[in-house]
Amino acid sequence: MNIGIIKEIKPGERRVAATPETVGKLCKLGFSVQVESGAGDGASFRDEDYQKAGAQVVSDTTALWNGSDIVLKVQPPDMHPQLGRHEAELLREKAALVSFLWPAKNRDLVDRLAARKATVLAMDLIPRITRAQKMDALSSMANIAGYRAVIEAASFFGRFFTGQVTAAGKVPPAKVLVIGAGVAGLAAIGAARGLGAIVRAFDTRPVVREQVQSMGAEFLEVELAEDGTGEGGYAREMSPAFIAAEMALFEKQAREVDIIITTALIPGRAAPQLILRSHVEQMRPGSVVVDLAAEAGGNCEVTRPGEVINHRGVTVIGYMDLPSRLAPTASTLYGNNLVHLLSDMGGAAKWQVNQQDEVVRGALVIHEGEVLGPPPKPKAPPPDQAKKPQAAPVKAVGKESKGGHEDSSVSARAQLTALLLMAAAFLGIGLFAPTAFLSHLTVFVLSCFVGWQVVWNVTPALHTPLMSVTNAISGIIIVGGMLKLSGPALAPATILAALAVLLSTINIAGGFLVTQRMLKMFRR
């Protein structure tokens, strides 16, 4: 099967659907890859790099569209400025197209592609489930947008992000507010913290609190107890009371922070306005607002999509191409998303559009010319039987009750018998065993009891400190065992001492290894 990598025609778009690295992966899947000449120029990938990776570079755009079984793009098909034809009309009949599509707002484009009897998969509709994370292009691009938002803010912000104390004076750290702690928001938090800023974050979903705090940011809350968690990991629309409290919080923060980065967006709807004109006017001169929702209208009232404006000394950035401003990285991640999708669909040898696959069905917009509706929602799992209230057990009466009493009395007699036998055994040992043996036995029994109580009752959170303690105990055992190794070679005491040294050495080495791995988990 032939895959065609098309050069993007949207003004300012620097990304490409495949890099030389991902072309090599596609070739390993059995595909024959053709790349339009100059497709990777915006992302610093040369034609010769694609050729070395195994692709064929084609300069004829029409021939590339017509000769491809599967076309991979970034942006939705549009009117080609040089050819004067729509890219949907260039697609060969019954061919497949994989790209961002946004079908809800591009109904005319969907109809054009359906007329070509095409099979179209929209990367913006990949379901956000665990199995599809490697194909989630929206998350890949949001991650880049969040990072780039901080870089853009830093370029317009006239001061340091990190605080410094120098001979010339003290410089306070910048204060950054991130609204929305999704993929883009968390990436922005990480980048701002990495530059040394004091970061605060707000989200309507309480479940992201730990993620925000784990990255060193302060999680802001309103006093109303309302959960904003929606379907697919997105936030839902909140009540008027919550929004009023939210606005009061943002107004207060606008007077304190230097940079505001907004990422709040509900798919299929206009972006909610969170930063009002009055909020911007209360910010200090030189402050910056970066609106990641500018393409959907913006979270800031004064945002102009695609532009950078200065509103009373505050810079408001409304860029809509932040992932494209990191084109090499964005192209690599997007290309890997496509590779994983095509691999899951069987590669070149077993290519099929399996509508039973929830990932494929979720992204499938058109199948062989048939426009498909939204995929059916998965059925709710059956209620947990264990959570159902259970009837209180009825106490047995009559013979069964007597039987229960008989069982308990038998158990008590068995425990008493066992205790008497143990007492008799210890009495016998005390009467006939040597005095030195009795002292060693007493120490051994007490050590087993104390050791069992100490180790068994330690909570899982203290397992790492516990390993350090057991290492110290094992060191004492090794010293004692080494003293006993000087006896006769085959004496029982010597053999036991050698065994104790061996096992204690293994315990110490394993303890240090596990402790080291645990410590590495907390290093940045």
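Only a predicted model underlies this, so the values are computations on that prediction, with no experimental measurement involved. (Residues numbered from 1 in each chain as written. Predicted model: local features only at pLDDT ≥ 70, side-chain atom pairs only at ≥ 80, totals over all residues. Heavy atoms only, no water.)

A. Structural detail: the confidence of the model for the chain. On average, the chain scores 84 in pLDDT, and the residues at 70 or more come to 83%. Across residues 384–402 the pLDDT falls below 50, and counting only partners more than four positions away or on other chains, this stretch makes two contacts in the model. (pLDDT = per-residue confidence, 0-100. Contact = heavy atoms within 4.5 Å.)

B. Spotlight on the nonpolar core. One finds I5, L72, M123 and Y334 to be the most contacted residues of the largest nonpolar core, which totals 45 residues. The residues contacting M123, other than those within four sequence positions of it, are V98, S99, F100, M135, A137, Y334, N337, L338 and L341. Among the nonpolar cores identified, the runner-up in size contains 29 residues, and A149, A197, I261 and I317 belong to it. (Core = buried A, V, L, I, M, F, W, Y, C linked by side-chain atoms within 4.5 Å. Buried < 20%, exposed > 50% of the residue type's maximum accessible area, 1.4 Å probe, protein only.)

C. Highlighting unusual backbone geometry. One non-glycine residue, K94, lies in positive phi territory at about 65°. Tracing the chain through its elements places K94 in the loop between α4 (87–90) and β5 (96–99). Even without being glycine, E368 reaches a positive phi, approximately 50°. Along the chain, E368 turns up in the loop between β16 (364–367) and β17 (370–371). (Helix = DSSP H or I, 4+ residues; strand = E, 2+ residues; numbered from the N terminus.)

D. How the structure looks around the pattern of salt bridges. According to the stated counting rule, one finds 25 salt bridges in the structure shown. Here E89 ties to R112 by a salt bridge, and the two come within 3.2 Å at their closest N and O atoms. One end of the pair, E89, is in helix α4; the other, R112, is in helix α5 (residues 107–115), and 23 residues separate them in sequence. E89 sits in the partly exposed class, given a relative accessible area of 36%. The exposure class assigned to R112 is partly exposed, which follows from its relative accessible area of 28%. Between D258 and R284 there is a salt bridge, with the nearest N and O atoms lying 2.7 Å from each other. (Salt bridge = Lys/Arg side-chain N within 4 Å of Asp/Glu carboxyl O.)

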